Amino acid sequence: MKLRIPAGMLAAALIFSQAAADELKPVFKTSKPLSENRAVLFFDSNNRFNVSLFADFLKECEAHPAVTCVGAESSASTLASVADGFRGSRDESFIYKGVTDKHLPYMEFYKKNKLIGSIDSESSFNVKVGIYLDFISGRVDAKELDEKLKMAESAENYKKIVPRMNFVLLLAKKGETEAALKELNSIDASKLDDKGKLLFGQTYLRLKSPDKALEVLSTCTDNECKFYTGLAYYLGGDNGKAIEILTGLKGKYSSENRLNYYLKTIYEANGDKKHADEIKLPDNFNIDSE
């Protein structure tokens, strides 16, 4: 079912977006005029990180001359104070005074005066700025914009879960398996990319929860995920399915020895000496070194 937005609400949203842009006041007479294709960074000039981000933002914008990029100083500082801070600098023509109710820093992107996206303070500015600027410049279409933003968000989510995964493993190391599983279950894996889902599945396997691992790994498509899916079936007691998946990775998986080690182990567990003996491993092979 498609979500339909009433025309009145959409119009009001666009009017509000335009009004927000109209509230930007140039700090200097030399300030660049705003165009219909623009990117605005709302920032605090008293915050070192914000100022550094502003410099990176302008540098990124140099490769997109079709887009007007400006910084909207949005702290409680007066217009005169902001002018004193930037007067004579190379960034003087990019400085405006602005107002936003968002937590700083915050960015908005407009194409033909329509707000097409934003980046809040919890997101990765360095990755997403270029994606939006490419779209506004016409270098990518709407479909590519959506795909690239999804990839960027997946990468962000991965970075966010790594500390939590480390906490889960710390709990497991201390023998607090139930607490570790509870913490792991509270993390939403649906928006992760394959790299994140692989880490998620591996962690469930370490906690001896193959069923949970399968739930995550079944939505992951690369060969590393398939390998651990096979291990999850093996640890869950379905040796037939494990063999089917692992043999399907022959000639595709990055470590043939590692693959053969687990296939041999499963065949031996099944009492299938014929197939187990057919698999040859290098002398002194150690799975822990793989």
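See the structure printed just above.
Residues numbered from 1 in each chain as written. Predicted model: local features only at pLDDT ≥ 70, side-chain atom pairs only at ≥ 80, totals over all residues. Heavy atoms only, no water.

**Q** Explain the pairing of strand β2 (residues 38-43) here, please?
**A** The two faces of a sheet get side chains in turn, since along a regular strand they alternate between them. For β2, a buried count of 6 out of 6 residues is recorded, marking the element as mostly surrounded by other parts of the structure. Across the two faces of β2 the burial is the same, with Arg38, Val40 and Phe42 and Ala39, Leu41 and Phe43 all buried. By the bridge criterion, 6 bridges tie β2 to strand β3 (residues 68-73) in an arrangement that is parallel. Bridge pairing in β3 places Ala39 opposite Cys69. Note on the crossover from β2 through helix α2 (residues 48-61) to β3: the handedness is right-handed. Bridging between β2 and strand β5 (residues 106-111) involves 5 bridges; their strand directions are antiparallel. Its bridge partner lying in β5, Leu41 is registered against Met107. (Buried < 20%, exposed > 50% of the residue type's maximum accessible area, 1.4 Å probe, protein only. Helix = DSSP H or I, 4+ residues; strand = E, 2+ residues; numbered from the N terminus. Pairing = 2+ DSSP bridges. Right-handed = clockwise from strand over helix to strand, strands pointing away.)

**Q** Would you explain the side chain of Ser154 in this entry?
**A** With respect to the helices and strands, the residue Ser154 is situated in helix α5 (residues 142-173). Look at Ser154 and you get buried, because its relative accessible area is 13%. In this structure, Ser154 is in contact with Lys191, Leu192 and Asp193, ignoring residues within four places of it in sequence. (Contact = heavy atoms within 4.5 Å.)

**Q** Looking at this structure, how should I read the environment of Leu145?
**A** Topologically, Leu145 is positioned in helix α5. Sequence separation of Leu145 and Gly201 is 56 residues, and the distance between their C-alpha atoms is 29 Å. Dropping the residues within four chain positions of it, Leu145 is found in contact with Ile131, Tyr132, Phe135 and Val140.

**Q** Which parts of the structure should I look at to understand the packing of aromatic side chains?
**A** Here a ring pair, both rings aromatic, is described through the centre-centre distance and the interplanar angle of the planes. Counting across every chain of the model gives 10 aromatic pairs. Between Phe227 and Tyr253, the ring centres sit 4.5 Å apart and the planes meet at 10°, which makes this aromatic pair stacked. Here Phe227 is found in helix α9 (residues 223-235), whereas its partner Tyr253 is found in the loop between α10 (239-247) and α11 (256-270), with 26 residues between them in sequence. Assessed through its relative accessible area of 6%, Tyr253 is described here as buried. Site record: aromatic cluster; members linked through ring pairs are Phe227, Tyr228, Tyr253, Tyr261 and Tyr262. Geometry around Tyr110 places Arg38 over its ring, the cationic atom sitting 4.1 Å from the centre. (Phe/Tyr/Trp six-rings, centres within 6.5 Å; stacked < 30°, edge-to-face > 60°. Lys NZ or Arg CZ within 6 Å of the ring centre and 35° of its normal.)

**Q** So what exactly am I meant to see when it comes to unusual backbone geometry here?
**A** Omega for the peptide link from Leu104 to Pro105 comes to 0°, which places this bond in the cis form. Secondary-structure assignment places Pro105 in the loop between β4 (95-97) and β5. Positive phi, close to 55°, is recorded for Lys112, a residue that is not glycine. Summarising the element assignment, Lys112 is placed in the loop between β5 and β6 (114-119). One non-glycine residue, Asn113, lies in the positive phi region at around 70°. Within the secondary structure layout, Asn113 lies in the loop between β5 and β6. Exposure remark for Asn113: the relative accessible area of 32% places this residue in the partly exposed category.

**Q** Looking at this model, I keep getting lost on the state of the cysteines. Mind explaining?
**A** Among covalent bonds in proteins, the disulfide is the one between the sulfur atoms of two cysteines. In the structure shown here, the tally under the stated rule is 2 disulfides. The partner cysteine of Cys61 in its disulfide is Cys69, sulfur to sulfur 2.1 Å. Taking the torsion about the S-S bond as the criterion, the Cys61 to Cys69 disulfide, at about -90°, is left-handed. The same class applies to Cys61 as to Cys69, namely buried. (Disulfide = S-S within 2.5 Å.)

Shape is all these values report; function is a separate question.
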